[in-house]
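So you can see what is in the structure, the chains are spelled out below.
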Amino acid sequence: MSQVIEVKVPAIGDFHDIPVIEIAVQPGDTISVDDTLLTLESDKATMDVPSSVAGVVKEVKVKLGDKISEGSVVALVETSDAGEAKAAPEPAKPAPAATAPASAPAQPEAPRPPAAPSQPVPTPASQVQAPAPALPLGAKTHASPSVRLFARELGVDLTKVPASGPKGRILRDDIANFVKSVMQSPAGAPSASLGVGLDLLPWPKVDFAKFGPIDVQPLSRIKKISAQNLARNWVMIPAVTYHEDADITELEAFRLALNKESEKSGGAKITMLAFIIKACELALKKYPEFNSSLEGENLVLKKYFNIGFAADTPNGLVVPVIKNVDQKSVSQIAAECGELAKKARDGKLGPADMTGACFTISSVGGIGGTQFSPIVNAPEVAILGVSKSVMKPVWNGKEFLPRLILPLSLSADHRVIDGALATRFNVYVAQLLADMRRALV
Ligand code: COA
């Protein structure tokens, strides 16, 4: 027996009165459970509202620009069988953050200039790339998560797609038209040229099974999103990595003593990561260029101090963000890191947990490593990599002493931060970790 069901906005965390920026369905559409009904965009994140039922849309209860919150009715859907209704709707799907905060537009974007007509490319259909002029440095694409997903599935670079939606928003049809135009171009013509004879070749296609047994596993959603963002950041950001050693002998002794005390009193454990976050906050204050983002020809300097940290999860890498670290003690930061890392591993981070970072720390020290070169997490301009601390003999002018040395690897966008500044920042972080009293002078 059919039944008309009200589909409501599910739990979306602390977001209220969020504008509707895209409506994906209209009366008469047949939809399945989890199909996107509409897209909301707050100043922090973009999120799709999925349908909790399958059926035919009878009425859409909202229009573009309406501001809605958790529980608002968005559509009436006629189900052929009441049993198709889910007990509770899935939470709204946030736009990917993780290493991908840039894929969730943080601010409204200026309309994009139309891309030039696409030229032919000799790439397979699964890797469609049309060599249209790149957007200006720092320019961002404006598209809903479902459209971004569609583009990713087709391997389309959104910065190349001419937008026809309001405020320069890229629509699903824009991607379809773009792919059609590329596919209709003569095959085998030259690809995008830098004019220096370094045209990119198509990705090598190898039949691995010819050489031995193989197993093909699909990438997780987080890995797919990360891949797109990491590739863009690696290619587009001229980053240099600067290495520094921090002598944390005293700090580690202090941390262990604190943890012994709190073990007795049942308090939370203080991690080295929490001290490193505090040191970075102080260094961001001293060197404000590190707390900035490039936007076209402007540098946006931030007056708030939010620090993201890379967290390893079974499904891939995510970057939860500790907000306003300048207003928190090291023990509060440690407790919050623990909570966010657990949420990350349980796959429960919401959009608000993963957006708004000014700077990121990637600590692999719990695993090992001597140094590495982290990829800057756009639109941030620097990231600090932390490897494993080890006891090393250090010459003090008279003798070698055993000191606990923590390797720091700072990657910084050279367009904003030159080598001297990066080294000053790194040295200051190392000095703070060696002796936090330095922050008082
Ligand atoms: N040097 C030596 N030991 C370290 C260390 C360092 N730099 N950092 C942590 N450790 C030790 C800790 O003291 C802890 O030891 P204990 O169990 O004896 O107390 C152990 O390693 C495990 O620490 P961990 O669980 O990693 O805690 P953390 O607070 O240091 O880190 C996360 C929390 C979320 C950052 C961490 O769990 C994680 O996911 N790291 C991987 C991040 C990553 O993949 N980055 C790569 C991005 S490309």
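> Even after reading the chapter, I still don't get the pattern of salt bridges, so can you show me in this structure?
When their charged atoms lie close together, side chains carrying opposite charge are able to pair. Under the counting rule described, the total for this entry stands at 14 salt bridges. Note that K160 is salt-bridged to D157, the shortest N-O span being 3.3 Å. Classification of D157 as partly exposed rests on a relative accessible area of 32%. Across the pair K328 and E336 runs a salt bridge, and its minimum N-O distance is 2.9 Å. When sorted by exposure, K328 lands in the same class as E336, which is buried.

> Any chance you could explain the site of the ligand here in plain terms?
Close to the ligand lie 20 residues; K269, D312, S362, S387 and S389 are nearest. K269 places a side-chain nitrogen or oxygen 2.6 Å from an oxygen atom of the ligand. With respect to the ligand, the backbone of S389 contributes an N or O atom lying 2.8 Å from a nitrogen atom. Contact with the protein chains covers 64% of the free accessible surface of the ligand, which is 950 Å². Mapped onto the shell around the ligand, the elements with two or more residues apiece are β14 (311-313) and β17 (359-363). Among the residues making up the shell around the ligand, the classes are represented as 9 nonpolar, 7 polar and 4 charged.

> Explain the sheet that holds strand β1 (residues 3-8) to me, please; I cannot follow it from the model alone.
Backbone hydrogen bonds hold the strands of a sheet together, and the pairing may be parallel or antiparallel. Judged by pairing direction, the sheet is antiparallel, and its 4 strands sit side by side in the order β1-β8-β6-β3 without closing on themselves. The strands lining the two open edges of the sheet, one partner per strand, are β1 and β3 (30-31). Where β3 meets strand β6 (residues 55-60), 2 bridges bridge the pair, whose relative direction is antiparallel. In the sheet register, T30 faces β6, and the bridge partner there is V56.

The rules behind the values
Residues numbered from 1 in each chain as written. Predicted model: local features only at pLDDT ≥ 70, side-chain atom pairs only at ≥ 80, totals over all residues. Heavy atoms only, no water. Salt bridge = Lys/Arg side-chain N within 4 Å of Asp/Glu carboxyl O. Buried < 20%, exposed > 50% of the residue type's maximum accessible area, 1.4 Å probe, protein only. Near = heavy atom within 4 Å. Polar contact = N/O pair within 3.5 Å; in protein donor to acceptor, adjacent residues only side chain to side chain. Areas by Shrake-Rupley, 256 points an atom, 1.4 Å probe, with all protein chains shown as cover. Helix = DSSP H or I, 4+ residues; strand = E, 2+ residues; numbered from the N terminus. Nonpolar A, V, L, I, M, F, W, Y, C, P; charged D, E, K, R; others polar. Pairing = 2+ DSSP bridges.

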